[in-house]
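Take a look at the letters that make up each chain.
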Amino acid sequence: METAALKQQLKKQIVEFLNLISVNPDDIKDDEPLFGEGLRLDSIDSIELIVLLNREYGIVIEDPKEGRKILTSINTMADYIEKHRTK
Amino acid sequence: MFYIHQSSCISPQQTFKDADLTVLHGPVEKQLKAIEPTYDAIPPGVLRRMGKAVRMGAGSALPLLQEHGKTDGIIIATANAGKEDCVKFLDQIVQYEEGMLTPLNFVQSTPNAIAGQLGLITKNHGYNITHLHQGLAFENALMDADMRLAEYPDHQYLLGAVDDISVSSYTFEEKEGWHKQEDISNKDLYNADSPGSIAGEAAVMFLVNNIAAGAKAKLVAVDTLHSTDEHIIKERLTFFIQQHLQNNKADLLLSGEDGDNRLAHFYDMAAAVAGNETPIAHYKHMCGAYPTASAFGLWIACEIFKAGALPEHMTGSLLKVSYKNILLYNSYRGYQHSFMLVSVA
């Protein structure tokens, strides 16, 4: 899958998993921060995203510090998925 | 007992904020589903995590809490709230072989999620409790509020009941024969002469305290019993009326009849005990059958006092009324029964 297509799929999955009812996937910018500002996600959302990576891409994140870096933006998530996906 | 000052209701009818009971909204796919508002009072980040029951409960309660001052506690009744998320969580356990599970459905899967969310959103650290007794959950919440107000006479409580139609509970109840097989209009509910009813849902909230001034209504008495024996229920209802009503006569019997012909004899009995001269009105064609529907009945009673009229679909003919008291009788599946007496404040 090309990077652009992966990012688009990831945006749709995030909106669906987190039930972001008022967010259009196309409106999420690739470099927009997911936490704190931008989408304003919180700690419960971070667990949902870790589960998303596991279920959809077979990625297991065990180190919380590593998780923080991976979940920074769509760019960082897509980059990690391309390198580590098992499905 | 206590006084009811404010109320709020999200139901299958136009009951939220500007209530209009003259137009009767019908069932969709054999279910009377709530007309949900836009929930402006709930922060979007919180709203997206709420299941339907929590959303309806918080959505009906928050305007009362925000507009009418502080409360000293939150007392909620529900038989099924949280079940949908509970089933989703259990499905995840099976689907992902007890592997990684998302926290959201787990967090929402307990019945006390409604009272808990209300406490968190409004920063209310007072008494916070949820009553779960199937068809008598709301009546137990009423008695709890009564005991709290006897112990703390200056307090004010948010008191309410919430139950929703979930896919899982509807399927189970349908298999148990509690929903009508035929697709009927709610206008014909009481003439169907068949088992089962139309599934319904609602969230009803009241602000209650001991202050008579400005109150919508007074809850005079409530009684409950578990029995399938019509004679025992008749004896108890007769005693209830003798104890609480002058001349042993109510101005109106607000019947919880739900169109299930297996339960009709209980309501016929209640009508006979109330007396031939006592007019009867119904409400379950408006909200459907669900465990805490008697809370909707109480809300309707308050509206009758306020409006001084009953829409035609509740009685068969338009009645202009000046009732001083209303007797409510409800049976949940023929084994849980409740009587309530409400009067003008």
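The rules behind the values
Residues numbered from 1 in each chain as written. Chains lettered and ligands numbered in written order. Predicted model: local features only at pLDDT ≥ 70, side-chain atom pairs only at ≥ 80, totals over all residues. Helix = DSSP H or I, 4+ residues; strand = E, 2+ residues; numbered from the N terminus. Contact = placed C-beta atoms within 7 Å. Rg over C-alpha atoms; globule rule 2.2 N^0.38 Å. Buried ≥ 20, exposed ≤ 12 C-beta atoms within 10 Å, placed from the backbone. Domains from an automatic or database assignment. Nonpolar A, V, L, I, M, F, W, Y, C, P; charged D, E, K, R; others polar. Axes fitted to C-alpha atoms, helices over the stretch in contact; angles between N-to-C directions. Parallel < 35°, antiparallel > 145°, perpendicular 65-115°, else oblique. Pairing = 2+ DSSP bridges. Expected span 1.5 Å × (residues − 1).

Caption draft 1: Spatial organisation of the overall build of chain A. Counting its regular elements, chain A contains four helices and zero strands. In chain A, the succession of α and β elements from N to C terminus is α-α-α-α. Overall size of chain A, expressed as C-alpha extent along the three principal axes, is 30 × 30 × 20 Å. Long-range pairs, those at least 24 residues apart, make up 59% of the contacts in chain A between residues at least 6 apart in sequence.

Caption draft 2: Focus on the overall build of chain B. Along its length, chain B carries twelve helices and twelve strands. Here chain B has a C-alpha radius of gyration of 19 Å; the compact-globule value for 345 residues is 20 Å, and the two agree. A buried classification covers 48% of the 345 residues belonging to chain B. For chain B, long-range pairs separated by at least 24 residues make up 77% of all intrachain contacts whose partners lie at least 6 apart in sequence.

Caption draft 3: Expanded view of the domain arrangement of chain B. Residue and element names in this part refer to chain B. When its domains are assigned, chain B resolves into domain 1 (2-209) and domain 2 (217-343). Here the C-alpha centroids of domain 1 and domain 2 sit 21 Å apart. Secondary structure elements with two or more residues in the side of domain 1 that touches domain 2: strand S1 (2-10), helix H6 (137-151), strand S4 (156-163) and strand S5 (202-209). In the side of domain 1 that touches domain 2, the residues fall into 25 nonpolar, 14 polar and five charged.

Caption draft 4: Spatial organisation of the packing of helix H3 (residues 83-95) of chain B against helix H7 (residues 167-175) of chain B. All names here are of chain B. For the pair H3 and H7, interaxial distance at closest approach is 7 Å and the crossing angle is 95°. Between H3 and H7, the angle falls in the class roughly perpendicular. Contacts between H3 and H7 involve Lys-83, Glu-84 and Val-87 on the former and, on the latter, Val-167, Ser-168 and Ser-169. Grouping the constituent residues of the contact of H3 with H7 by class yields two nonpolar, two polar and two charged.

Caption draft 5: Here's a closer look at the environment of Ser168(B). All names here are of chain B. Mapped onto the elements of the fold, Ser-168 is located in helix H7. With 15 C-beta atoms packed within 10 Å, Ser-168 lands in the partly exposed category. Spatially, the C-alpha atom of Ser-168 lies 7.8 Å from that of Lys-83, the residues being 85 residues apart in sequence. Those residues within four positions of Ser-168 in sequence are excluded, and the remaining contacts are Lys-83, Glu-84 and Val-87.

Caption draft 6: Up close: the environment of His337(B). Residues and elements named next belong to chain B. You can see His-337 is positioned in strand S12 (residues 336-343). For the pair His-337 and Leu-136, spaced 201 residues apart in sequence, the C-alpha to C-alpha distance is 7.5 Å. When near neighbours in sequence (up to four residues on either side) are disregarded, His-337 contacts Thr-224, Leu-225, Ser-227, Ile-233 and Ser-331.

Caption draft 7: How the structure looks around unusual backbone geometry. Although it is not a glycine, Asn19(A) sits at a positive phi angle of roughly 50°. Examined against the element boundaries, Asn19(A) turns out to sit in the loop between helix H1 (3-17) and helix H2 (43-57). Taking the C-beta count within 10 Å as the criterion, Asn19(A) has 13 such neighbours and is therefore assigned partly exposed. Backbone geometry places Arg333(B), a non-glycine residue, at a positive phi of 55°. Overall, the presence of 18 C-beta atoms within 10 Å leaves Arg333(B) in the partly exposed class.

Caption draft 8: Local environment of the pairing of S5(B). Residues and elements named next belong to chain B. The buried fraction of S5 amounts to seven of the eight residues, a majority that puts the element mostly inside the structure. With seven bridges joining them, S1 and S5 adopt antiparallel strand pairing. Paired with Ser-8 across the two strands is Met-205, which belongs to S5. In terms of strand pairing, S4 meets S5 through eight bridges, oriented antiparallel. Note on S5: the bridge partner recorded for Ala-161 is Val-204.

Caption draft 9: Molecular detail of helix H11 (residues 293-307) of chain B. All names here are of chain B. Here H11 contains 15 residues, and its C-alpha end-to-end distance of 21 Å stays within 8% of the 21 Å for a straight helix at 1.5 Å per residue. Most of H11 is tucked away: 13 of the 15 residues are buried. The positive-phi residue at the C-terminal boundary of H11 is Gly-308, with phi of around 70°.

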